[in-house]
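Coordinates in review
These are the residues of each chain, in order.
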Amino acid sequence: MTGAVDRRRDIPRTDALLADPRLVAAARHLGRGPVKAAVTAAQQEARRGGIAPQDVAAAALTTLAALAAEPAPGVHAVLNATGVVLHTNLGRAPLSAAARAAVQEATGYVDVEFDLAGGRRARRGRTALEALLAAVPEAEAALVVNNGAAALLLAVSALAAGRTVLVSRGELVEIGDGFRLPDLIETTGARIREVGTTNCTTVADYTDAADESVACLLKIHPSNFRVVGFGGTPSTAELATTGLPLVVDIGSGLLSPDPAVPDEMDARSTLRDGAALVTGSGDKLLGGPQAGIVLGRADVVERLRRHPVARAVRADKLSLAALEATVRAGHTPTLDALHADPAQLRRRCEALAGRLPGAAVVPSDGAVGGGSGTGVVLPGWAVAVDERLAGPLRCGTPPVVGRVAGGRLLLDLRCVPPDRDDDVARAVAAAQAVPGGDGRSADATGPEQA
Ligand SMILES: *Cc1c(COP(=O)(O)O)cnc(C)c1O
C-alpha cells in the first residue's frame, strides 16, 4: 500500500507535464484537449502501476505521436469539409481530372511555344487561348497571365501609364491580406480619379470627370463585399455609352452567367455589353489553376501583349495546360460543389453519420468563398462531431478540415468528392481513437483554452 502511495506522490503534476516543451509543441498542433487527455491517461496508467512515474510524459507523447507528427514538408492534399467552395487558405479551386492529367503531361518538354507541324516557334499557349476564345465568342483576342491581379496590372500599365483612370469611389477595393487595388493601379504610374461616392455613382460622374488625360474607365466588381440599402453603380452597358475605353475587372473569371451566383459578372455578358477588355482570375469560379485571363478587343489585347510587363507576368506551362483543359471540359469540381444537390448531400451525411458513434446530421450553409458570391448561401448538410476532433483531423492522413460552430465540428460534404466519403469516415474514426478525441475521456476542461 505504501509503495502505491509513494508511486502516486512521484507522478508528475498535470501543470508540470503540460509545461513540458514537447507537450507544448504537440498542443500547438492538436489543441490542448487531446494533449491534456493523453497526459491524464498516462497519469492514470502510472497510478495503476502500468508505467513508472518518470515515464508519464513519454507515454503521453507516444499516445500523441501519431497525431502530433509534424506534417511532412511540402504541400498536403486536404479534404475540404468546410463547405466553402473556393477556400483561399486551401488553394481556391481544385482542378478537374482533365486538368490534373494536362498538368502531368506538361511537366516535361512540351510544345507550349512550338509548332510541331512546322518545326518552328509558335505563340506561347496558343491552344489555351483558342479554348478561351471558343468559350467566349464575344472576345476577339485573349491573353493569359499569372493571376487576376497581374491581369489588371498589365491592363493599366499598357493602357494608362502616365494618364488617368476613372474609377468609382465604391469600387476601390482591398482584395485581401492587406492588398488594395488602388495601390496596385498606382504602381503602374497611372493616376486614379475617383468618381461618385461610396454608395452611389452615376454615368454623369464619369463623363463630368472625363478630360483628355483620361485613358480609360475601370469598373471593378466588388467581389468580397456588398452594398445594401441605398446605392448603385452604372452597369457595363451604361458605362459603354460614354464612348471611353472600358476595362472591367470581373474578379471571379466566370465565363458565362451561372444562376447559382446571380450577382457575379461573367466575361461573355460583360463583353457583349460593350467592355473593351475583361480581366479575371483562373482559380475562382472559372475553376482552374491560378491564372489571370484577359479577353476583349483585338487591338487592346495586342497592346497588352506587347507591353514589357507582359513578360514579367506570363503564365507558366503547367498553368496554361491546366487552364486549357479546364476551359475545354467546361465542367469543374467547383461547379459540382456550387450546384451540389442538398438532398444528395443529406443522404451522404446520413450514411457517414451512421458509421460514426456520437455523430449527428445537421443543416449546414455552404459558401462560395474566395472573394466570390458574397452573400450567396448554399443550403446543405453536415455531419456534426465533437469539436475536439478538429485538431486531430487536421493533422491526420489525409488531413480533413471542417468548420467549428456552436461547440461542434461540422463536416460539410459539399466540397468532398463523393468517392472520398470513406476516407472521411476513416479519418474521424482514427481521430476518435485518440484519448480526448471523442469527448468521452477524463478531460473536462475542453480544448484550446489558452
Ligand atoms: C480576386 C480578385 C482579384 C485578384 O485576382 P487574383 O487571381 O487573386 O490575383 C482582382 N480583382 C477582383 C475584383 C477580384 O475579385
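About the thresholds
Residues numbered from 1 in each chain as written. Predicted model: local features only at pLDDT ≥ 70, side-chain atom pairs only at ≥ 80, totals over all residues. Heavy atoms only, no water. Helix = DSSP H or I, 4+ residues; strand = E, 2+ residues; numbered from the N terminus. Buried < 20%, exposed > 50% of the residue type's maximum accessible area, 1.4 Å probe, protein only. Contact = heavy atoms within 4.5 Å. Near = heavy atom within 4 Å. Areas by Shrake-Rupley, 256 points an atom, 1.4 Å probe, with all protein chains shown as cover. Nonpolar A, V, L, I, M, F, W, Y, C, P; charged D, E, K, R; others polar. pLDDT = per-residue confidence, 0-100. Core = buried A, V, L, I, M, F, W, Y, C linked by side-chain atoms within 4.5 Å.

So, the environment of A46
Looking at where A46 falls in the secondary structure, it is placed in helix α4 (residues 32-47). Judged by relative accessible area, which is 0%, A46 ranks as buried. Expressed as a C-alpha distance, the spacing of A46 and A134, which sit 88 residues apart in the sequence, is 70 Å. Contacts of A46, omitting those with residues within four sequence positions, involve R7, I11, I51 and V56.

Concerning the site of the ligand
With respect to spatial proximity, 13 residues lie near the ligand, and among them G148, S223, D249, S281 and K284 are the closest. Contact with the protein chains hides 92% of the accessible area of the ligand, taken as 380 Å² for the molecule alone. Secondary structure elements with two or more residues in the shell around the ligand: α8 (148-160) and β11 (246-251). Classifying every residue of the shell around the ligand by side-chain character gives 4 nonpolar, 6 polar and 3 charged.

Thoughts on the confidence of the model for the protein chain
Looking at the protein chain, pLDDT values average 91 and 94% of them are 70 or higher. Contacts of residues 439-450 to residues separated by more than four positions or lying in other chains number 23 contacts, the stretch itself having pLDDT below 50.

Some details on the nonpolar core
Counting 34 residues, the largest nonpolar core has L132, V144, L166, L255 and L295 as the members making the most contacts within it. Going through the elements one at a time, α7 (126-135), β5 (141-145), α10 (203-209), β10 (214-220), β11, α12 (267-272), β13 (292-296) and α15 (317-329) are the ones with two or more residues in this core. A total of 4 residues in this core trace back to one element, the largest contributor, which is α7. In this view, V144 contacts L129, L132, A291, G292, A315, L320 and L323; residues no more than four positions away in its chain are not counted. Formed by 32 residues, the second largest nonpolar core is a distinct cluster that contains L159, A160, A276 and V313.

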